[in-house]
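Examination of the molecular architecture
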Amino acid sequence: MGVTTVTDVRPSASPKHSVQGAPSADGSVLHTLFRSEQGGHEQVVLCQDRASGLRAVIAIHDTALGPALGGTRFHAYASEEDAVLDALNLSRGMSYKNALAGLDHGGGKAVIIGDPELIKTEELLLAYGRFVASLGGRYVTACDVGTYVADMDVVARTNQWTTGRSPENGGAGDSSVLTAFGVFQGMRASAQHLWGDPTLRGRKVGVAGVGKVGHHLVEHLLQDGAEVVITDVRAESIERVRSRHPQVGVAADTGSLIRTAGLDVYAPCALGGALNDESVPALTAKVVCGAANNQLAHPGVEKDLSDRGVLYAPDYVVNAGGVIQVADELHGFDFDRCKTKAAKIFDTTLAIFARAKEDGIPPAAAADRLAEQRMADARRA
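The shown structure was predicted, so the numbers you read here are calculated from the model rather than taken from an experiment.

We now examine the environment of A235. With respect to the element layout, A235 can be found in helix 8 (residues 235-244). Since its relative accessible area comes to 58%, A235 is described here as exposed. Separated by 38 residues in the primary sequence, A235 and G273 place their C-alpha atoms 22 Å from one another.

One pass over the structure, following the stated rule, counts one aromatic pair. Ring centres of Y96 and Y316 lie 6.2 Å apart, and the angle between their planes is 90 degrees; this geometry places the pair in the edge-to-face category. Taken together, the residues span a long stretch of sequence, with Y96 in helix 2 (residues 80-100) and Y316 in helix 12 (residues 315-318) at a distance of 220 residues. A single burial state applies to Y96 and to Y316, both of which are buried. Of note, R203 hangs over the ring of W195, and the distance from its end group to the ring centre comes to 3.9 Å. Its end group placed over the ring of F181, K339 keeps NZ or CZ at 5.0 Å from the ring centre.

On to the environment of L178. Position of L178 relative to the elements: it lies in helix 6 (residues 176-195). For L178, a relative accessible area of 0% puts it in the buried group. Each C-alpha atom of the pair L178 and A367 lies 21 Å from the other, and the pair is 189 residues apart in sequence. Not counting the four nearest positions on each side in its chain, L178 is found in contact with G321, Q325, F335, C338 and K339.

The subject of this paragraph is the side chain of H215. The topology assignment puts H215 in helix 7 (residues 214-223). Among the polar contacts listed, one links the side chain of H215 to the backbone oxygen of G211, at a separation of 2.7 Å.

Along the chain, P167 falls in the loop between helix 5 (149-155) and helix 6. On the basis of relative accessibility, which here comes to 53%, the residue P167 falls in the exposed class. Expressed as a C-alpha distance, the spacing of P167 and F333, which sit 166 residues apart in the sequence, is 9.2 Å. In this view, P167 contacts A172 and G173; residues no more than four positions away in its chain are not counted.

Before going further, it helps to examine the confidence of the model for the protein. For the protein, per-residue confidence averages 91 on the pLDDT scale, and 93% of positions sit at 70 or higher. Note on residues 1-25: pLDDT is under 50 here. Beyond four places in sequence and across chains, it has 79 contacts.

The next point concerns helix 13 (residues 321-329). The periodicity of an α-helix, 3.6 residues per turn, causes residues three or four places apart in sequence to face the same way. Most of helix 13 sits inside the fold, with nine of its nine residues counted as buried. Listed in full, the buried residues belonging to helix 13 are G321, G322, V323, I324, Q325, V326, A327, D328 and E329.

Each packed pair of helices is defined by two parameters, the angle between the axes and the distance between the axes. Taken N-terminus to C-terminus, the directions of helix 15 (residues 345-359) and helix 16 (residues 363-380) make an angle of 105 degrees; their axes are 8 Å apart at the nearest point. Between helix 15 and helix 16, the interaxial angle falls into the category roughly perpendicular. Contact with helix 15, carried on its side by A351, I352, F353, R355, A356 and D359, involves P363, A366, A367, R369, L370 and Q373 of helix 16 and no other residues of that element. Tallied by class, the residues present in the contact of helix 15 with helix 16 amount to eight nonpolar, one polar and three charged.

Each value, and the rule that gives it
Residues numbered from 1 in each chain as written. Predicted model: local features only at pLDDT ≥ 70, side-chain atom pairs only at ≥ 80, totals over all residues. Heavy atoms only, no water. Helix = DSSP H or I, 4+ residues; strand = E, 2+ residues; numbered from the N terminus. Buried < 20%, exposed > 50% of the residue type's maximum accessible area, 1.4 Å probe, protein only. Phe/Tyr/Trp six-rings, centres within 6.5 Å; stacked < 30°, edge-to-face > 60°. Lys NZ or Arg CZ within 6 Å of the ring centre and 35° of its normal. Contact = heavy atoms within 4.5 Å. Polar contact = N/O pair within 3.5 Å; in protein donor to acceptor, adjacent residues only side chain to side chain. pLDDT = per-residue confidence, 0-100. Axes fitted to C-alpha atoms, helices over the stretch in contact; angles between N-to-C directions. Parallel < 35°, antiparallel > 145°, perpendicular 65-115°, else oblique. Nonpolar A, V, L, I, M, F, W, Y, C, P; charged D, E, K, R; others polar.

Structural data, given as structure tokens:
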């Protein structure tokens, strides 16, 4: 049975000012939802199916632009409260990402509580799909950490509002190709803004994390004439890139990469929180533009970057290629149509930099304002 909580309060905070896995001052998730500036969600559904062991949270942040769209995260949270807070935070971020991607979708996110290696079963995924179906199209799900294309194929058997499926089942498959393409467009826009030319030719770019998205990004950079240095905690990921491109440099770890002499661009493409009180002062690069989600470790980091003269391309803007792809599945996936939409990330990123300069604020704050403006306009329409 799902338990639904509804509020009409709208958010006043940006994604960067959201709760990062900790409750509000009075220790209450409900306080966060109803009374704090991190709240404002339209609907939160707590889902339980004892037969399969499913415990999940579906958070719908905003549907002003259309049905909420966001992936399903499967994770062994320390507590149920942590799971709810993560769903609130992630769904709010999806509202901003979808708005700036030009999609007719609001923000939503789901989390399934538990270790996917231990409890993920077909029965559980089918039960989860039934909860998604119970929302009648207000929430459209997709893959996220801990869930994959094969999982979405199962979820789709019990509801029609599932994307990120396999091509064999009418989906688009792996979204990493367009995610990397969008990040590259954001990087080109950063080069245009800072150096007056939309190319990385002759620039040194450091890529931290060359997994699903990062290795595609390396391909774009090399084709554009960039010098590339990489790092990854997985030796096999580095070897995959080096076997094809032996000219690519390798840094021992992320700490070494960000301190590389002559680095022009740093691309975090692995874990979140890459930009923090330790890494920002050590950056040698003049641009940060990467695929990782939630790169800013805490509020204020965006100002620290700006104060150091580092141009930050907001992660939820440049990594939107994946959500553009899964949204397109609802209309019958067409790769060329999606690539055309993802190419517009270049223009959106330039518009954010222009707004930041005009308002005298960091690009992250400018991106928030543009997203909030689009959502507000939709509510008034």
